[in-house]
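Summary of the model geometry
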Amino acid sequence: MRNNDRLSVRLTLEDGTVYRGWSFGAPVAAAGEVVFNTAMTGYPESLTDPSYRGQILCLTYPLVGNYGAPGKSEQDDLYMFYESSGVHISALIVSDYSFEFSHWNAIESLDEWLRRSNVPGIFGIDTRALTKRIREKGAMLGKVEPEGMTTDFYDPNKVNLVAEVSTSARKVYGNGKYRILLVDCGVKFNIIRNLLKRDTTIIRVPWDYDYSVEEYDGLFLTNGPGDPKMCRAAIDNIRKSLDDDRPIFGICLGNQLMALAAGADTYKLRYGHRSHNQPVQMVGTDRAYITSQNHGFAVNNNTLPAGWVPLFVNVNDNTNEGMKHVSRPFFSTQFHPEASGGPTDTDFLFDLFIENIERAGGSRH
Amino acid sequence: MKDDIKKVLLLGSGALKIGEAGEFDYSGSQALKALREEGIYTVLINPNIATVQTSEKIADKIYFLPVTPKFVERVIEREKPDGILLSFGGQTALNCGTALFRTGVFEKFAVRVLGTPVEAIMNTEDRELFVKKLDEISVKTPRSVAVTSVEDALSAAGQLGFPIIIRAAYTLGGQGSGFCSNTDELRTMAARAFSYSDQILVEESLKGWKEVEYEVVRDRFDNCITVCNMENFDPLGIHTGESIVVAPSQTLTNSEYHKLRELSIKIIRHIGIIGECNVQYALDPGSEDYRVIEVNARLSRSSALASKATGYPLAFVAAKLALGYGLHQLKNSVTRSTTACFEPALDYIVCKIPRWDLNKFQGVAHEIGSSMKSVGEIMAIGRTFEEAIQKGLRMIGLGMHGFVSNRNLSFNDIEKELSQPTDMRIFSIAEALEKGFDVDRIWELTRIDRWFLYKLQNISHIKKELEKYDSMESLPDRELLHAKINGFSDFQIARHVLKSENRAINEAMLSVRRHRRSRGIVPYVKQIDTLAAEYPAMTNYLYLTYSGMEHDIWYENDKRSVIVLGSGAYRIGSSVEFDWCSVNAINTIRKEGLRGVMINYNPETVSTDYDMCDRLYFDELSFERVMDIIDLETPRGVILAMGGQIPNNLAMRLHRQGVPILGTPPESIDRAEDRHKFSSMCDALDIDQPRWKELRSFEEINKFIEDIGFPVLIRPSYVLSGAAMNVVSNSTELVHFLELAASVSKEHPVVVSEFIEYAKEIEIDAVASGGDIVAYAISEHVEYAGVHSGDATIVFPPQKIYFETVRRIKRITREIARELNISGPFNIQFLARENDIKVIECNLRASRSMPFVSKVLKTNLIELATRVMLGVQWEKPHKSVFDLDYVGVKASQFSFSRLAKADPVLGVDMASTGEVGCIGDSFHEALLKAMYSVGYRMPVKAVLISSGPAKSKADLLEAVRLLEKRGYKIFATRGTQQFLSNAGIAAKVAHWPDEAASPNTVELIKLRVVDLVINIPKDLSATELSNDYQIRRSAVDYNIPLITNARLASAFINAFCSVPESEMEIKAWDEY
C-alpha cells in the first residue's frame, strides 16, 4: 500500500496514553483489554484462539502478515489451520504489517482476513513501548479508533466471555475407543485434534451443560477466556466430578475451574503470560519444559486444599502451572500442551490422560 | 560431577580461516569465563595470539602451540587436566579431539571429555553413521544412492524421481556434478561423471527448498530448548555461510516452525548431545516436507550468530552444561532474574550478510555455491526487514549505501547473474527491479522466497517515491519517516531527493540530517532483552531503529562515557587483532571508572559481547549512526584508534562536527592518511620515501618510469576486477594491468611508486604521548619487501638487522611522532637495504601486529595507549625490547583451498585470512611452531622445487643442500635441476604439467610422492605461466604444503632440519 493512502488510527489506553498508527484490516472502531503476546510466529492460531475473546492483541514480534492467512480447509469436522471457527480478538496491534505475503498455505492476506472478520488492525505502533507500558501498569483497557470514528471503553472481564465462545449444542467427534467428555469453555481445535489422535470419541458440550447423564471414560476441561469465577455452573458440575474416580485433565481455564471446584482460589495476574517460551518445571524433578501460554488469571498455590499439590511451577515467577490430586487421576496444566501455536514439548500429557483412563478401567463403553 | 573437575583444558581453533573465524574466539572466551566462575583452573591451547581468549585473566595458562594431536598430547602430559572441552574451537578442535580419543590419549592420561561424548560427535561427522542414526528415529535425510554404472544411475533415478543431482565421488571442486531433469540428461551427465570417478552419487534434488537452521541446547537431565531459528534468504544450494540469513525465520508458519523445532529436539536427544548443536534443514516451499542436511555437534558460526541475534550466551551456557548443570539451574544473563531454561523471544529482526573479498585473489571464481568463500560477516538489527538489510549492506563495507542508491554497478547479463549467483547477487536483484523485472520473474530465476523479494521491491518503490521530490522542504515528514523506517540513510535521501553527486553529497547529507532533526525524525534506542519486554531487563545490549517512539534507556549526560569504535566486518587485512585492541581499550576505560561504550556490528567478535562493556550499540559505524549515538551519549571522548581503518576514516568528519576525539589530533591523522600531505612532511623532515607520483595518463606514467625504472608498484583508484594493487616489471605488463584490470584517466588517477627489490621490511609499533615515544617494538619480515605485511612472516624481536638500522628507524619514528604530535598507538613500515631506510607506510592507529608484539613483550601497548589517550596516569615501561631471551614469530594463514581456482601466490596485496603468533627459545623453534600452526608439516620423504629467478635460486641453494644431507629426495623442474646439478646437488627432473613425460610435477603431487612443494614465481607480476599456476594449485588442492617465497622456504628448511618436532619445548606463555 502506498504510504500516502493510509488511514490513520488512534489507540487510547485507559490511563490516557495515546499511540498513533495506520489502519489495516477492517476500518472500524473496537474496544477491549489490551494484552501482548511475545510469540514470533503463529498469528492465525492466536487470532482464532477463543481465549483471546474481548482482547486487543499486541504482537511484540514486529513483522506480521508475512505468510498471509490460511483458508478454512477441513479435516475431521475441524478447520485445519484455525483454532476455532473464526477470529476472536477485538483488534490487532503490530509494528510492521507485511502487505505482501508468501506461502503455499495462504489464500488471502491477513488484511483481507481481518476485513472479512470485521476486526480492525493497526500498524506503525511502537509495540515495544506499548508492551513496556502494559508490563509496568498491568493489563489495561483500550480502544482503537480510526480517523473520524469513536467508541467507548469496554471491560471484557465483567462479562461471561465463556458463554460467548462455548459451543451452543452437544457435538460428537471421532469414533475411538475412549469416550472423552469435553466441557467446552472455548476449546482450541488442537485439543480436539490431539485427543482424536489417541483413539478417542469426543463429546463436546456447552460450558454449563450438566453432563452427569452422559457416558464417558474421562473428563476434559478446556481453555477459555476471562475470569474463571464467571463460570459458576461449570465449577459446580466439576465439583461433583471430583467425587467420581473417572480421570480428569484440564488445560488453562480448565486448570483454574478445577482449582475453584476443589476449593482453591484464583487471582488476576498483573499482565498475564502470553507467549511460546514459558519455562515450567515439574515439581520435585529436574525436568523443565518450554510451553505455550495464554492466560491472565492464575491459581494461587497457597490455597490448594488438602489432597492437591502443584504439578508444575513457572521457573521465572514461581506461579502455578498445573496441579494434581495426590491419590486420584485428576491433573491440569495452566499452559497449553496442545500448543498451536507454540512448542509441542508437553503433548505427552495427553498420553498421560489416556493412561489414567486405561488404569482407571479403560474404555467402559 | 562438578566437584572433581579442578583443571580443564580448552582447545582453540587456531588461525582465522574461511569457515573458521572469529566466532571461536567468542565461544572460547565465553566458555573460559563460565569455567573460571566455577573456580576451575583453565588451560588453553591456541596459537592465535591476536585473540581475546589468549589474554591474561581469561585463561589461567595459555599455550601458543599448534592445535594438533602431537602438541596437544604433550600439553596434556604436562598439565594433567581433569577434563577437556572440544566443542569451542571449531572443526580444528573437534578433529584434534577425535584423533586423540581414537589413539587413547584421553584414557591414558585420565582426561574426561566434558559435554557431548566423542562417540556422539563421530556419529554426526561420518555421513553414513549420521544417516543411519537419523533413520533409527525416522528422521529424513536427503536420499542418495551410490552407483558404478550409467544403467545403475538410471535405475537409481527411477527410484528417487527426477530432478536429481549427480556427484562424482572423490573429486575436487565439484567436477562431474550437476542437475538432471530427465533420462537423457542423466545419461549424458553420468557418462561424463564416470570419466572423473568410478563411483557417482545419485541424489534427490532439493533445488529451491528453503534452508532453515535451529540452535538446540540439551542438559544432562534431558531438558532441551531451541534458542533460535534462522532462515536463509537464498534457497538450498548456497552454503549458509555464503547466504544472507535472517533470524527468526520469516516465512515459516507456526506449524512449520514447531515441526522442525520438535525434530531438532528429537535429534539432539537421540544423538546424545550435552551442550549445544546446530541442525540444518531443507524445507519444501510447497509443503511441510523436509530433510535434515547437517548436524554440527559443537559451537559454530551459526551459534555465535544466534547468541548475538538473541542475547542468549550459547557458549557460556554450553560450558556450564558440560560441567553438569541443568538449564533450569542457570540464570538468564540478560535479565539476571529469569531462568536460562527458556527460548528467547525477539522483537526485532536480524540480518546476517557475508563479506567476500574475492577481488583480493587472482583467478578465483566469483560464483557462490555449496562451499564457503566469504571471509567475514555482519549482523544488522532492525524492526523492519528493509531497515535491517539496508543497514547490513552498508555494514559489509564495500562502499555500498544500502540496497539501492549504489553507483558503478553494472551487470552484463542480469538473468545469468540472478540464476547463477555471484558475490554481487543482492545487487543484481536491485538492478533487476530497477530494470522492471517483477517479483515472479526474479523468483523464477533465483528461487528466493517471494516474501523477501517483495520487501526488496518495497525499498525500490520508496527510492522512486523519493526521487519525485527535489528539496527537503517539499518532502513531507511522513515520506521522510517512511524512508527512515525502511532503512534509508541520510546519504541515500540526499542522493535521491537532493540529487547530489560526488563531493557535494557530504554537505547535502548534513543538510538532510539537520532537516530531519529539526522535524524531530530521529532514531530510538532499543534493548535486546531476550524476552521482548515481557520482563524488566537491565541489559546494555542496544540498537537503533526508526520504528519507535521512545528510548529504552535514559542518558546520564555526565561526561563519563567514552566511546570506542570497533572494526566492523572481518575482511582480509582487518580481523581479530582489532577486536583485541577494541576490547583492551574498553577494559582500560572501565578500569578507570569511566563508562565504556562500544559500537560494532560484527557477530564474530568478543567486543560485541554485551558483557565486555557498559553499553554496546550493535549498529553501524557510519558517520550518520555514530553521530546519532554521540548526540545521545554526549561522551567525554571518542576513541578511533582501535578499530582499524573504518573509524580512522571518520576522523576529520567527526572532528568538523566538534566531536571530542581522544588521542592524536584528527588533523594529524589526515596528514598521515593523505599521500600528498604525508610526502611533503617527510620531505620537510628529510625522511626518505620510495619515489611516487599520482598520474592520469599512459604518457605521464611512461615518462615517470623512465626516471625510476621498472619494477613499479601501481595503485589504481578505480578497479575493474582483480587486485587493487600490482607490481609490474615491464611495459607489456603495465599495459595489460591498466587496460584489463584497472583504468587510468583524469577521473581515475593511478599512483605509481618505485618498487625496491631485495629490501628488508621492518615495522615499528609504538605508543606516543604528546609526540614523545613511550614504548615501541621493532620487528622484521622474513620475506623481502613485495609480500604484503599482512602476509609476511614477522619476527619479533628482530634477529637479523643492523644496530645502525635500528638507530635510524628509531630516529625517524621519533621525528614523525613529534611532527604529528601523536598521542596513542601508531605503526610505521620501513624498507631497509644496507642502512638505507625508506618509510613506506604510517598509520596513526593500532596496527595488525599490536596484539602480537604486546603479548610477546608481555606489555600491553593498547592499555598503555588508551591510558595516554584518556589522559590518566600511565607509566613508561622499563624493559627494553632487546632484553627478551626468546623469540616470537607471526605466520600467516591462507585459505586458498577454499577458493577454487585462486592462484596461491603472494603479492603486494594481502591474501591471508588469519595469522598465528608463537614463541620459542630460538628463531627456528618459534618459526616451526608458527608454521605448523598454520598447516605446514615437516616433510618426511621428498621435496618438489621450482625455484624461479636466479636470485631466489641462489637464496635456496644452501637450504636445498641441507635437505640433500638429511636424505630427502629432491625433485626439481628443469632449470632448477640444472642449477642444482651445477652446484653439486643431485635432483631428479620433474616435468612441467604441460609435458607428457614422467615423472610429472602434478603427478608427483597427486600421488603424494612429494610432501613439500616449493614454487617460486618467476616475477612479481600477476601474469604467471600456467605451468607454475598448475603446480601451485595442485599442491593446494591435494593438501601438500606449499611455499612460494624463497626466503621463507629457506628459513623453514633450516628450521626443521635443525629442530626436530620432538625436541621442541612445550612451554606456556608465562614461562618465557
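All of these numbers come straight from a predicted model, not from anything done at the bench. (Residues numbered from 1 in each chain as written. Chains lettered and ligands numbered in written order. Predicted model: local features only at pLDDT ≥ 70, side-chain atom pairs only at ≥ 80, totals over all residues. Heavy atoms only, no water.)

1. Looking at helix α36 (residues 1046-1058) of chain B
All names here are of chain B. The first and last C-alpha atoms of α36 sit 18 Å apart over 13 residues, in line with the 18 Å expected at 1.5 Å per residue. In terms of burial, α36 is a largely internal element, 10 of the 13 residues being buried. Buried within α36 are the following residues: Ala-1046, Leu-1048, Ala-1049, Ser-1050, Ala-1051, Phe-1052, Ile-1053, Ala-1055, Phe-1056 and Cys-1057. Among the structural elements, β28 (772-784), α31 (923-933), α32 (950-965), β37 (1012-1015) and β38 (1042-1043) are those in contact with the buried residues of α36. Two or three places before Arg-1047, at the opening of α36, Asn-1045 has a side-chain oxygen 2.9 Å from that residue's backbone nitrogen. (Helix = DSSP H or I, 4+ residues; strand = E, 2+ residues; numbered from the N terminus. Expected span 1.5 Å × (residues − 1). Buried < 20%, exposed > 50% of the residue type's maximum accessible area, 1.4 Å probe, protein only. Contact = heavy atoms within 4.5 Å. Polar contact = N/O pair within 3.5 Å; in protein donor to acceptor, adjacent residues only side chain to side chain.)

2. A look at the interface of chain A and chain B
Opposite the 57 residues of chain A that make contact, chain B presents 63 residues. Of the roughly 5,100 Å² buried between chain A and chain B, counting both surfaces, carbon and sulfur atoms make up 48%. The interface formed by chain A and chain B includes 8 salt bridges. With a shortest N-O distance of 2.6 Å, A:Asp345 and B:Arg261 are connected by a salt bridge. (Buried area = accessible area lost by both parts, 1.4 Å probe. Salt bridge = Lys/Arg side-chain N within 4 Å of Asp/Glu carboxyl O.)

3. Topic: the packing of aromatic side chains
Counting across every chain of the model gives 42 aromatic pairs over all chains. For the pair A:Phe99 and A:Phe123, a centre-to-centre distance of 5.5 Å together with 80° between the ring planes defines the contact as edge-to-face. Taken together, the positions of A:Phe99 in the loop between β10 (96-97) and β11 (106-108) and A:Phe123 in strand β12 (residues 120-123) put the pair 24 residues apart, joining distant regions of the chain. Members of the aromatic cluster, connected to one another through ring pairs, are A:Phe220, A:Phe249, A:Phe331, A:Phe350 and A:Phe353. Of note, B:Lys308 hangs over the ring of B:Tyr26, and the distance from its end group to the ring centre comes to 3.7 Å. (Phe/Tyr/Trp six-rings, centres within 6.5 Å; stacked < 30°, edge-to-face > 60°. Lys NZ or Arg CZ within 6 Å of the ring centre and 35° of its normal.)

4. A short note on the sheet that holds strand β9 (residues 91-93) of chain A
Pairing between the strands of a sheet comes from backbone hydrogen bonds, and it takes one of two forms, parallel or antiparallel. Residue and element names in this part refer to chain A. An order of β1-β2-β12-β9-β4-β3-β13 is seen for the 7 strands of this closed barrel, with the pairing classed as mixed. Ignoring which end each strand starts from, the neighbouring axes of this sheet average 35° apart. Note: strand β3 (residues 30-37) against strand β13 (residues 140-146), 5 bridges, orientation antiparallel. Following the sheet pairing, Ala-31 is matched in β13 by Lys-143. Lying over the sheet, helix α3 (residues 127-137) contacts β1 (8-13), β2 (18-25), β3, β4 (55-59), β9 and β13, oriented at roughly 90° with respect to β3. (Pairing = 2+ DSSP bridges. Axes fitted to C-alpha atoms, helices over the stretch in contact; angles between N-to-C directions.)

5. Some words on the pattern of salt bridges
Pairs can form between side chains of opposite charge whenever their charged atoms are close. Residue and element names in this part refer to chain A. Within the structure shown, the criterion is met by 104 salt bridges over all chains. Between Glu-145 and Lys-143 there is a salt bridge, with the nearest N and O atoms lying 3.6 Å from each other. For the pair Glu-145 and Lys-143, one class covers both residues: buried.

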